Structure formats: C-alpha cells, structure tokens
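# Residue-level structure breakdown
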Amino acid sequence: MSSLEMNDSRSEPSFLSRFFEGRRVRRLIRHRSFMIGLWLCLFVTVIAVLAPVISPVDPNKMAIRSRFQPPSFEFLLGTDNLGRDLFSRVAWGARLSLAIGLGVVLLNAVFGVLLGALAGYFRRLDGILMRLSDALMAFPSVLLAIGIAAAMGASAMTAVISLAVVYIPRTARILRASVLQVNELEFVNAARAAGAGDFHILRRHILPNCMAPLVVQLSFVFAYAILSEAVLSFLGLGAAPTDPSWGIMISEGRSYIREAPWMTVIPGMAIAITVLGLNLLGDGLRDVLDPRVKMEH
Amino acid sequence: MLAYTLRRIAQAVPILLLVSLISFGIMQLVPGDPAAVLAGPNATPDELIKLRQTLGLDKSLLSQIMIFYGNLFQGDLGYSIILGEPVLKVVLERSPISISLALYSLVLTVILGLSIGVIAAMKHNRWIDQVAMTFALIGVSVPNFWLGLVMIVLFSVHLGWLPTGGYVPFFEDPVGWFLAATMPALSLAMMQIGLLARLTRSTMLEVLGQDYIRTARAKGASEPRVIIKHAMSNVLIPVVTVLGMILSVLLSGSVIVETIFAVPGIGALLGNAILGRDYPMIQGGLIFVAAVLLMLNIVVDVLYAWLDPRVRVQ
Amino acid sequence: MQKEPILRVEGLRTTFTGDEGTVVAVDDVSFDVNEGEIVGLIGESGSGKSVTALAIMGLLPKSTSQVTAERIMFDGRNLARASDREMRRLRGGSIGMIFQEPMSSLNPVLKIGDQLIEPIRIHERISYRAAFDRGVELLTKVGIPSPVQRMNDYPHQLSGGMRQRVMIAIALSCSPKLLLADEPTTALDVTIQAQLLDLLLEIQAETKMAIVLITHSMGVIAECADKVVVMYSGRIAEQGPVTDIFDRPGHPYTKGLMQCTPELTGNPRRLTTIPGALPSLSALPPGCRFAPRCGLAQPACEAGRPPMIGVGQNHASACIRADELVASAAQPEGAEV
C-alpha cells in the first residue's frame, strides 16, 4: 500500500500545484498576448460584477425624453429607442453573457470530462459515444443550438443547455484523445501493476495529466459560447427580450441602424472585446500548457 | 482510393441515421403540445386535432419514429406548415442560393486566409506578421452578424457602394450577383479567414523548420520555389482537414447572415421557420444541412488522402 | 608549387541571437580543403561542426544567425561576400550537401524522382527526359535496386538507408567539386553505416571530389579522412594530417577522443573517458575552453585563448602544452618498437 502511495505522489502531486508551478506561471506572465487577454477578461469581469454599482441608472428604465442620444458626457454610450442608457445595459449585459458562457463552460467541464474519460478508458463505450458525437458534430454548430433552442423555447437556461449540447462532444473528443495518450504511459502501467482499480487510476493518474488540453479547450469554448449566445438572442432564442443582452441589443439596434448606429455598434464591440480577451487568453494557455494542440473547435 | 471512398460513404450511413434521430428528438423537446404552440391560442379543438394528425402526434412515439424513418427512406423530409409545401422541395429550391453564397465565402476564405497566413509566416515576427495576426484575431472575435450590420452602415448607407442585401441570380446578372453577394459573403467568411490565417501561419512556420526545406535550399532552390513547391504542398494537408469545419461554420452562419441581408436561401428559410415555430421545416432543414455537410466531409477526406502520399500509397 | 585549395575558410564566426541573448557557436575557425581530399571535421554534439558546414553553405536562418568570415574562398570565389543569387547557383551545383537525418530530409509529399531531378533542372539547361535518365543513372550508382520504379516512389516507401542513398544521389547529381557530409551515417544501423561510408569512398575515388566529412567518430575519421580538424566548443582544438593526429595528438581533447573510440562502430554520444560535458555556449570559460575538463590544465590555461602552435607539417594544436604532448606521444611508441 505504501509503495502505491509513493507512486501516486511522484506521478501526480496535485492538480493545482502542478498546474501553477512556477515555471509555467512565469512563462504565462511573460506571454504578451496572454497578459493582454487576462487584462481584457478582468476588465469585463469587473464591469459585470460591479454592474449594479457603476450603472448610472436602471438598465431597463425608459426615458422618452432622452431617446436616441448619441454617446456624450451625460450618456457615456448613448441611449436607445426607448431612452434606456446603453452604458448600464452593456454593463448588465456583461453579467448575462459571462453567466451564460460560464454555464456552458461548467457543463462542458463536467460532461466533457465524464464522457471523454469513459470513451477513452472503457473502450467498450467508445464506439457508441464516438458515433453519437460524430452525429452531433455533423450538424453545423450554431444551427444545432438554434434548433434545440427553438424547440425548448427562449430563455437563458435554454441558451446554456443548447450551447452545451453543441460543444460537449468537441470537448469530450479532446479529453478522450488525451486519456488514450496518457493511458499508454509508464506510470499508469505501474499503478495498474500495483493493483490500483480503474477509477483510482483514472482519477489519480490519468485525468490530472489531461488537464492542460482541457483548460485550453474550455477557454475557447467560453469564447464561442459568448459569440453563439449573441446569435441566439439576436434571433430571439436566448434571454428574455426584456433582459439587457448584447445580442438582443444588436437586434433592436438593427431597426434604427441609419439613425442611431451606436445602438448596434456598441454592444457588438462589447462582444468583440470579451471574445478577443478570451481568445488571447486561450492562445497564451495553449502556447504555455499544451504546445502540441493545434486549433480545435 | 475507390475502396477508401466507398468505406467513408459506408461509415457515413449510420451517422446519418443518428443525425435524423437527433433531429426527430429535437421535436420532443417542445414543452407541452407542439400542435397547440403551432396553432396559436385561437385555434378550435377541431383544428388542433387535425394539426396533430398532420404532425403524426396522435400516434405512439415508436410508431412516430417508424413513420419518420419510413418517409425518410422515400426521400420525404416532412411537410412545412407555414409554406404548405414539402420540406425537401422548398429546401432544394432555395439551396442554389445558399450554395453560391457559401462557395463565394469559401473562395474568399481560402484565398485571403492562405495568403495572409503565408505572408505572416514568411515575415515571421516582423511588423507585417503582427498586423496580419492582429487582423486574424479580430476576425475570429467579431460576431459575423454584427460585422454584416456595420458593413451595411458603412458601404450601403454612408458610401452607397453596395446594395443592403437581396439576391440576384448569378446567370441573369453576374455583376449584380457579385455586388449583392459580396457583403454577405465577407461577413460569413471573416471568422474563417482569421482561423485559416492563424492555422496556415503556424503550419507554415512548422514546415519551414523541417529538414526537407533545408534540403531544398541546399539544392539551390530559389525562395519562391522553396515556398510554393516544397512548403505549400505540406501546408495544404492540414489546411484541407479544416475545410470541412470551415464549411460547417459557413452553413451555420448563413441563418443569421441571410436574414440580415435578405438573401432568400436555406439559412433565411430556417430563420423564418424558427420564428414561426415551423417544426417540420426546422427538422427537415437540419437533416438536409447535416447530410450535405457529411457528404462534403467525405469529399474533404478523400481530397486529404489524395494530397498526402503517406495515406494514398499504402 | 602547391595548388590552391578548393575551399579555404579563414576566421569563420557564427553567432545566434535568441531570447536569451547572443551566443557564439563558431569562433574564428580556419581550415583548408584541397582538391580530391577528404577532411574529417570531428567534435562532440554542439561543438559547432554542423554549424560550420551550414555557414559555408549559407543555409543558416538569417533572422536568428549572423555569419562573418575574413574569407571563405571556394573555387576562386569568396563566399563570404557572395550574393544570395551566387550562393544559390553554387548550392546543389558545385557544392553538394548530405544531412544527418535521412528520415526527415526528403519531402514526404514529393516523389523521389522529382526530388532527385530538381537540382539538375535548377542548375542545368536540360530536358525533363534527360534529367530523368540521369536520375535513374544516379540511383543505380548509389546502389538502389530497380531505380526506374523507385523514381516514382515516395520517401515513406523507402528504408532509412535507402533514403540516405537517395540523399547522396541528390548531392552528387550536378557533379559537385565539394561535398559537405554532415554526419551522413549517424542515424543509421551499424551495418548500413559501413556500407554507406564505403559507397562514399568509392564515389570519391571515382570523381575525385573533395569531401568535408562531419562526424563524432574517430573510427570514421581513421577509415576515410586524409586530414582532420578537431573542434571543441566552437573553436578548432587541433588540425593536421590524419596519421600525425593519430600518432602524435597535440591536444589533450584529441587524445581523449581517441581513447573512447576504439572502433568504427563506436558511436559515443557522451565521451566517457573525458569527465564533464561541453560548456554551455552562454557561459564559456575565459581561457582554453577545454581547461575545465582537462587533466593537464595549468593556471596559465585559464589566462587567455591558447594560440595555434605548429607541431609538425600542417599540424597545429591550440594547447599551450602541445609540444610536450607530441613529444611524449612519440617517445613511448619509439621505445616500444
């Protein structure tokens, strides 16, 4: 028993300490695009968290007298057709976007790991799970999400579920590939020879070594989820129409695009900045954690 | 090669069956009675019963599936409720429009994505590389429908260079088609251009570091010859593998881009079906698009095998 | 009156610039290669021998490396001042090169024939048909069976030894006056190594081209070379005729090399008889670079760079105790006889 434990500690001390070992952190800090991405993401997160504090007015408060105000000192990002303050709406929209993105990422982490590990480790399940993921991935990604959302009815929860269904097969595939790879390594055989059970091997030896590609993938899933959520809410399949969602704001702005282009331009830039930050973050993580992985979507 | 192609087609059949089952299953996600949702609050009980019969909802789930597959094998994708026409017929009518748009986007993607990536790799770490990669990164970060709207404001409203949308059949008026399709194609392609430029650059950098490139230089080959003959042939292999993915995203994007630019293709058709809760149309449309995509992916796989002698010559 | 050497390298210096600053990989290297001569360039991995060859060929990436030299005279031309265009005309034409890794040195997506014919078509005005025939002839010459079929094969269909034969055929395709062979046999099986060396010697005997043979095996040197250049840590430690070097080594490093390479098949990546390892290029000792590993080192060795001391005809060593070494090597041998 003691030999087994020694083996454990050598092959895998702990997920966190391995992940944030000094060398990697130093490389990440030196990585220019990672740091730009990190600052952008922090910026958006701070705005989302502090939305109730920094919003000058209620995001849904209509003011007929100040409709269609272009950006100015009084209305930092202007107002919309109902006189609602766009700065407040964009700030609250950040909350919604990040929340939905985070939901998709969490579901991806849980089910992607579960299904990927099952398919990669228990080869009997592999055939079925991979055919199922082939089928799900045969649909154009956003189109499948649209189909599911259209059937389930519009809501933020619908957006999370439909986008999770779209991206989980992709995440599971990446995890499966890493599990297959790690499973061949010496210390896994050693653990098996020492009599460790399947779940113990998976949990203590294999999965911790599959975290790098997973983290990289999740950062990109976050970015795609935010982009796709905007598509869903633009089509009226995401959050409720009264919620301040970036996609909905763009779709509302579309009708007034000649008179009040800022109504469209500003929420779009909010999306672009968030996604840009996440992409830069993902690029940096990929360069440092997992240089072998090319682009996966 | 032929055996490989046939094997790929054979592998696609079970996937297509599963795809159909998933599309069928999506209808089951509709909360409550889909017929009631479709018919609206003012429908009479008689109308509801009739609609249920049309949709086959009066039968058990199992027999619904049987009927669904039975129809599918006869090439029947269902019946659009809004348009009152067979889904397959409508979809086939609209597909040339979407195909021409997708092809235009694909051409833009391949030409721009490849050349930006190659130039960036050749000028590695110089300012051209930085500019190209910033552009590519912005490309993959900007929502395509927003880009479309911004382009409309810029090129149609302010500059008046291009029409705000619509569709002109290519064979009637090629110039008109070109003018009308440029903005939709570009907004569809933008993200793919960014992806392809990034992939091409990183692959090209990897290839340029290979020993066989040094061999080519040791033969006295000129730089253009090294890039075009020796490097590109190796770069194209991984690039071809992402073509399937690129096509998939292009088709995905067409729903929203066609809606914005009023292009009457499959994308807009599906967009309207979603708004009108035309479930058979959504279902059939999804199956159709997935089937087309599966087919294209087989073409891509065969192309890949043909390009890479290590796969081609066994 | 001796003829001009075909290659005369004088004061070659190569530096690499990377994230960690600039390192000098080759420092003040000078040597001659006469027509029809085989010069062995020997040293451990990282001693700068491959970089020397690549610098002569102008094949180092310009973005990260800088090559300077007083002169690199080849066949009456100064390569140190040659334009890109002139260099391209020489590469694959008058100067051929073979690399260490046959598995990765051929382009995987092009046919053997296309790759073999390419330099011929680049350097000579010749029809495809004639070039193809020459290609078949070359494959026959390097001992590849059924050469016509092989022309249509892809690299992955050939074994490592066969691929290296193809690489030799490519390097020979335009009848070069000088062949730079960068560890041509290192990556191959022992039996195939011997076959390929024999092939090179056979071809050399026939064509009388000059060869710079880069290796880390004294056995290979003993078998093939007329002259030896021993490199250590980017500098020349010793050079001279092969018999002189073997009989009377004038540098402790050369002595060490010979002690750990008793036979042709020896393939030591690590020199077990010499303690320690090559110094890092970014932290070089101030004086003689071998001093930290040298059993004969004196305080004077660390004072400054040791000069090349002549210890025989065309035989020189960069060791301040070279005369002692040569003398001591001569004595016991003489006593034994």
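Residues numbered from 1 in each chain as written. Chains lettered and ligands numbered in written order. Predicted model: local features only at pLDDT ≥ 70, side-chain atom pairs only at ≥ 80, totals over all residues. Heavy atoms only, no water.

## What to know about the overall build of chain B
What counts is decided by this rule: Numbering goes from the N terminus for both helices and strands, where a helix is a DSSP run of H or I of at least four residues and a strand is a run of E of at least two. Accessibility here uses a 1.4 Å probe with only protein chains present; expressed as a share of the type maximum, an area under 20% marks a residue as buried, one over 50% as exposed, and anything in between as partly exposed. Two residues form a contact once any of their heavy atoms are found within 4.5 Å. Shrake-Rupley sampling with a 1.4 Å probe provides the accessible areas, and residues are treated as covered by the protein chains on show and by no other component. For the purpose of charge, His is not counted, nor are the chain termini; Lys and Arg are scored as positive and Asp and Glu as negative. Just so you know, the charge point we use is NZ for Lys, CZ for Arg, CG for Asp and CD for Glu.
Helix and strand content of chain B: 13 helices and 0 strands. Counting from the amino terminus, chain B carries its helices and strands in the arrangement α-α-α-α-α-α-α-α-α-α-α-α-α. Taking the principal axes of the C-alpha coordinates as reference, chain B spans close to 85 × 55 × 35 Å. Counting only residues that meet the buried cut, chain B has 52% of its 314 residues in that class. When contacts within chain B are restricted to residue pairs at least 6 apart in sequence, long-range pairs at least 24 apart make up 73% of them. Taken as a whole, chain B presents about 14,000 Å² of accessible surface, with 70% of it coming from carbon and sulfur. Looking at charge distribution, chain B has the averaged site of its 19 positive side-chain charges lying 16 Å from that of its 17 negative ones.

## Digging into the environment of A:Leu202
Residue and element names in this part refer to chain A. One can find Leu202 in helix H11 (residues 198-206). Leu202 sits 157 residues away from Thr45 along the chain, and the two C-alpha atoms are 34 Å apart. With residues near it in sequence (within four places) discarded, Leu202 still touches Ala117, Tyr121, Phe122, Leu207 and Pro208.

## Quick notes on the interface of chain C and chain B
Our working definition: Two parts lose some accessible area (1.4 Å probe) when they are put together, and adding that loss for both gives the buried area. Each salt bridge in this description consists of a side-chain nitrogen of Lys or Arg and a carboxyl oxygen of Asp or Glu lying within 4 Å of one another. As used in this structure description, the phrase polar contact means that two N or O atoms lie within 3.5 Å; if the pair is within protein, one of them must be able to donate a hydrogen and the other to accept it, and residues adjacent in sequence are counted only when both atoms belong to side chains. Classes in brief: Ala, Val, Leu, Ile, Met, Phe, Trp, Tyr, Cys and Pro nonpolar; Asp, Glu, Lys and Arg charged; the others, Gly included, polar.
In this assembly, 27 residues from chain C lie in contact with 21 residues from chain B. Between chain C and chain B the total buried area reaches about 2,200 Å² when both faces are included, carbon and sulfur atoms providing 59% of it. In this structure, the connection of chain C to chain B is made through 3 salt bridges. Here chain C and chain B share 13 residue pairs in polar contact (both at pLDDT 80 or more) between them. Of all the secondary structure elements, the ones that give two or more residues to the side of chain C that touches chain B are helix H1 (49-57), helix H3 (102-105), helix H4 (112-123) and helix H7 (160-172) of chain C. No other element matches H4(C), which puts 6 residues into the side of chain C that touches chain B. Grouping the amino acids of the side of chain C that touches chain B by side-chain chemistry returns 14 nonpolar, 8 polar and 5 charged.

## Concerning the UniProt feature "transmembrane region" (unreviewed entry) in chain B
All names here are of chain B. So the rule is basically this: UniProt positions are given in the numbering used here, feature names are shortened, and annotations may be inferred rather than shown by experiment.
Here the UniProt-annotated "transmembrane region" (unreviewed entry) positions come out as residues 101-122, 134-155, 175-197, 235-261 and 281-307. As annotated, residues 134-155 has a helix share of 91% and a strand share of 0%, and its two end C-alpha atoms lie 23 Å apart. Between the first and last C-alpha atoms of residues 281-307 the distance is 38 Å; the span itself is 100% helix and 0% strand.

## Focus: the interface of chain B and chain A
Contacts between chain B and chain A engage 49 residues on the former and 46 residues on the latter. Taken over both partners, the interface formed by chain B and chain A buries close to 4,100 Å², and the fraction arising from carbon and sulfur atoms is 78%. Scanning the region where chain B abuts chain A turns up 1 salt bridge. Two residues, B:Arg198 and A:Asp283, come together in a salt bridge whose shortest N-O distance is 2.8 Å. Summed over the shared surface of chain B and chain A, the result is 9 residue pairs in polar contact (both at pLDDT 80 or more). Mapped onto the side of chain B that touches chain A, the elements with two or more residues apiece are helix H1 (2-28), helix H6 (127-141), helix H7 (144-158), helix H8 (174-208), helix H10 (223-260), helix H11 (266-275) and helix H12 (279-307) of chain B. When residues of the side of chain B that touches chain A are assigned to their parent elements, the largest contribution, 8 residues, is made by H10(B). Split by residue class, the side of chain B that touches chain A holds 37 nonpolar, 9 polar and 3 charged.

## Some words on the sheet that holds strand E11 (residues 235-241) of chain C
Residues and elements named next belong to chain C. In plain terms, the rule: In this description, strands pair whenever DSSP reports at least two bridges between them. To get an axis, a line is fitted to the C-alpha atoms, and for a helix only the part in contact is used. The angle between two axes follows their N-to-C directions and goes from 0 to 180 degrees.
The 8 strands are arranged E7-E8-E9-E3-E10-E11-E13-E12 in an open sheet whose pairing can be described as mixed. Looking along the sheet, the strands with just one partner apiece sit at the ends: strand E7 (95-98) and strand E12 (309-312). The sheet shows a mean angle of 20° between the axes of neighbouring strands, taken without regard to direction. Seen against the sheet, H1 touches strand E3 (38-42), E7, strand E8 (178-182), strand E9 (210-215) and strand E10 (227-232) and runs at an angle of roughly 145° to E7. The sheet strands contacting H7 are E7 and E8, and the helix crosses E7 at an angle near 170°.

## Concerning the UniProt feature "domain: ABC transmembrane type-1" (unreviewed entry) in chain A
Under the feature "domain: ABC transmembrane type-1" (unreviewed entry), the UniProt entry names residues 94-282 of chain A. The distance from the first to the last C-alpha atom of residues 94-282 of chain A is 19 Å, and the span holds 82% helix and 0% strand.

## Points about the domain arrangement of chain B
Residue and element names in this part refer to chain B. Operational definition: Throughout, the edges of the domains are those of an automatic or database domain assignment.
When its domains are assigned, chain B resolves into domain 1 (2-73) and domain 2 (94-313). Centre-to-centre separation of domain 1 and domain 2, based on C-alpha positions: 32 Å. Between domain 1 and domain 2, the residue contacts involve 20 residues of the former and 15 residues of the latter. When domain 1 packs against domain 2, close to 1,400 Å² is buried across both sides, 80% of that on carbon and sulfur atoms.

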